[in-house]
Amino acid sequence: MEKVKVGIVGCGYIGRTHAMAFSYTPKSEIVAVADKDEQRAKELASRYKAKPYTDYKTMIEKEDLDAVSIGLPSPLHAEASVYALRHGLHVFCEKPMAHTLEECDMMIEEARKRSLNLMIAQSHRYWQLDREAKWIIDNGFIGEIISLSNITMTGIPERWGDDILMGTAVHFIDTIRWWAGSDVETVYGKAGSYVSRWIDNASAILTFKNGAFASIEIYNTPGNRGQGFMRSHVFGTEGMLETDHYTELYLQRKGEQKVLLHSMGSGGFEGPNRVKTFSLETKEFIDSIIEGRDPAVPGEEGRKNIEIILAWVESSKTGKPVKLPLK
Ligand SMILES: NC(=O)c1ccc[n+]([C@@H]2O[C@H](COP(=O)([O-])OP(=O)(O)OC[C@H]3O[C@@H](n4cnc5c(N)ncnc54)[C@H](O)[C@@H]3O)[C@@H](O)[C@H]2O)c1
């Protein structure tokens, strides 16, 4: 296959991001786009010389596509992914993969039995400072990892059909798992609806199979509309890393001062930082199809994040740590 022919499902904020990213991705071509909002579909289609649809199922049936990217509200991820996979298409699906393990399993099974690629868009694996942190960890600069932490204050991602865990904490659960290089063993959490009808404030302690542990705290306060903050630390036997994920990365080695390793502007919607992040991600999806290998974040990896969130909520209900895997 010379070029992977892609259809964009959902032309909102992230659908436009996917289209931008594919437009920078060699060996891919945006053929069609779909959104139930006709105006949105037409606008995105005209920008990338693609064909607009108001129904993604019609797009999948009529167009000669190889793959779709799914940027629909989260409760629709499983249904749309399964529909595309059953029509023989590779799927690049936004986070959170789905809201239940049954849905995740269905997506994984449909992809595996057809030898199609299912990649979950855990985009923090592609943000520059998160990648630099991973490189520093993997190359031993901070020694063996002891613990990791993330604290985030953010809006409630109601528009996506998600609570604060599914919508936002899912990013940092994934990042911390990736940095730790190990699977989670137990989850002890508290999660509640304090200022909305959604889970809006939550924190958890995770333990990993390799002996590391992590704390993840995610908060919303009334009036916070999304411009909050996020900060992560990784503590090792030889040093410490600190980052806000987008603009600053610090390293402190044992016995030394904390140094700013990297400082960068966060940029705008189509600024170099976002273009680079998202086109690295779409490039990985396209390369994995062309090379006939698994993508870096297959369905099984997306599922692990959902399992942790479900365990977090269960732990909050019972007041006890929950051991993985969930039954
Ligand atoms: N990876 C990231 O950094 C990141 C960032 C933002 C959003 N997201 C994820 O992307 C998803 C979408 O978020 P968004 O911010 O783009 O939302 P959005 O509201 O901007 O866009 C969603 C689009 O889906 C369309 N839509 C809804 N139901 C549809 C249907 N049945 N058929 C066709 N179109 C339909 C809507 O009209 C809308 O244009 C969410 O799951 C969210 O978690 C990920």
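Residues numbered from 1 in each chain as written. Predicted model: local features only at pLDDT ≥ 70, side-chain atom pairs only at ≥ 80, totals over all residues. Heavy atoms only, no water.

Draft legend 1. Broad picture of helix α4 (residues 77–86). Most of α4 sits out of view: eight of its ten residues are buried. Here α4 has its buried residues at His77, Ala78, Ala80, Ser81, Val82, Tyr83, Ala84 and Leu85. Those residues of α4 that are buried are in contact with α3 (56–62), β4 (67–70), β5 (90–94) and α5 (101–113). Of the residues trailing α4, Gly88 is marked for its positive phi of about 80 degrees. (Buried < 20%, exposed > 50% of the residue type's maximum accessible area, 1.4 Å probe, protein only. Helix = DSSP H or I, 4+ residues; strand = E, 2+ residues; numbered from the N terminus. Contact = heavy atoms within 4.5 Å.)

Draft legend 2. Geometry of the pairing of strand β2 (residues 28–34). With six of its seven residues buried, β2 lies for the most part within the structure. Strand direction decides the pairing type here: strand β1 (residues 4–9) and β2, joined by six bridges, are parallel. By the bridge assignment for β2, Val6 is matched with Ile30. In this view, the connection linking β1 to its parallel neighbour β2 by way of helix α1 (residues 13–23) has right-handed handedness. Two elements, β2 and strand β3 (residues 51–53), share three bridges in a ladder whose sense is parallel. Residue pairing for β3: Ala34 is matched across the bridge by Tyr53. (Pairing = 2+ DSSP bridges. Right-handed = clockwise from strand over helix to strand, strands pointing away.)

Draft legend 3. Here's a closer look at unusual backbone geometry. For the peptide bond that leads from Lys95 to Pro96, omega is -15 degrees, which places it in the cis range. Structurally, the position occupied by Pro96 is in the loop between β5 and α5. Here the bond from Leu324 into Pro325 is cis, since omega is 0 degrees, no more than 30 degrees from zero. By the element assignment, Pro325 lies in the segment after β15 (322–323). In this structure, Lys27 takes a positive phi of about 65 degrees despite not being glycine. Of note, Lys27 is situated in the loop between α1 and β2.

Draft legend 4. Inspection of the environment of Met153 at higher detail. Mapped onto the elements, Met153 comes out in strand β7 (residues 145–153). For Met153, a relative accessible area of 22% puts it in the partly exposed group. Spatially, the C-alpha atoms of Met153 and Ser28 are 36 Å apart, while their sequence positions differ by 125 residues.

Draft legend 5. How the structure looks around the site of the ligand. Lining the immediate surroundings of the ligand are 21 residues, of which Ile14, Asp35, Arg40, Ser74 and Arg159 lie closest. In the environment of the ligand, an oxygen atom lies 3.4 Å from a nitrogen or oxygen atom belonging to the backbone of Leu72. At 2.8 Å, a side-chain N or O of Ser74 approaches an oxygen atom of the ligand. For the ligand, whose unbound accessible area comes to 850 Å², protein coverage reaches 88%. Tallied by class, the residues present in the shell around the ligand amount to eight nonpolar, six polar and seven charged. (Near = heavy atom within 4 Å. Polar contact = N/O pair within 3.5 Å; in protein donor to acceptor, adjacent residues only side chain to side chain. Areas by Shrake-Rupley, 256 points an atom, 1.4 Å probe, with all protein chains shown as cover. Nonpolar A, V, L, I, M, F, W, Y, C, P; charged D, E, K, R; others polar.)

Draft legend 6. Region of the structure containing the pairing of strand β9 (residues 201–208). The pairing of strand β8 (residues 184–192) with β9 spans eight bridges and is antiparallel. Bridging from a neighbouring strand, Val184 pairs with Phe208 of β9. Across six bridges, the pairing between β9 and strand β10 (residues 213–219) is antiparallel. Bridge assignment links Leu206 to a residue of β10, and that residue is Ala214. Connecting β9 to the next strand, β10, in antiparallel fashion are four residues, including Gly211 with a positive phi near 100 degrees.

Draft legend 7. How the structure looks around the sheet that holds β8. An order of β14-β13-β12-β11-β7-β10-β9-β8-β15 is seen for the nine strands of this open sheet, with the pairing classed as mixed. Looking at the sheet topology across the chains shown, the edges are occupied by β14 (258–263) and β15. Each of β7, β8, β9, β10, β11 (229–236) and β12 (239–243) is contacted by helix α7 (residues 164–180), which is oriented at about 160 degrees to β7, the strand it contacts most. (Axes fitted to C-alpha atoms, helices over the stretch in contact; angles between N-to-C directions.)

Draft legend 8. Summary view of the packing of α4 against α5. Running from N to C, α4 and α5 point in directions that differ by 15 degrees, and their axes come no closer than 9 Å. Relative to α5, the element α4 is oriented roughly parallel. Both α4 and α5 take part in a crossing whose hand is left-handed. Contacts between α4 and α5 pair His77, Ala78, Ser81, Val82, Leu85 and Arg86 from the former with Glu103, Met106, Met107, Glu110 and Ala111 from the latter. Looking at the contact of α4 with α5, its residues break down into six nonpolar, two polar and three charged. (Parallel < 35°, antiparallel > 145°, perpendicular 65-115°, else oblique. Left-handed = near helix turned anticlockwise from the far one by under 90°.)

Draft legend 9. Region of interest: helix α2 (residues 38–48). Buried within α2 are the following residues: Ala41, Leu44, Ala45 and Tyr48. Projected down its long axis, α2 carries its buried residues within an arc of 100 degrees, all on one side. Seen from the open side of α2, the exposed residues pointing more than 90 degrees away from its buried face are Glu43 and Ser46. Where α2 is buried, its residues meet β1, α1, β2 and β3. Where α2 starts, the residue carrying a side-chain oxygen 3.1 Å from the main-chain nitrogen of Gln39 turns out to be Asp37. (Arc of directions from axis to C-beta.)

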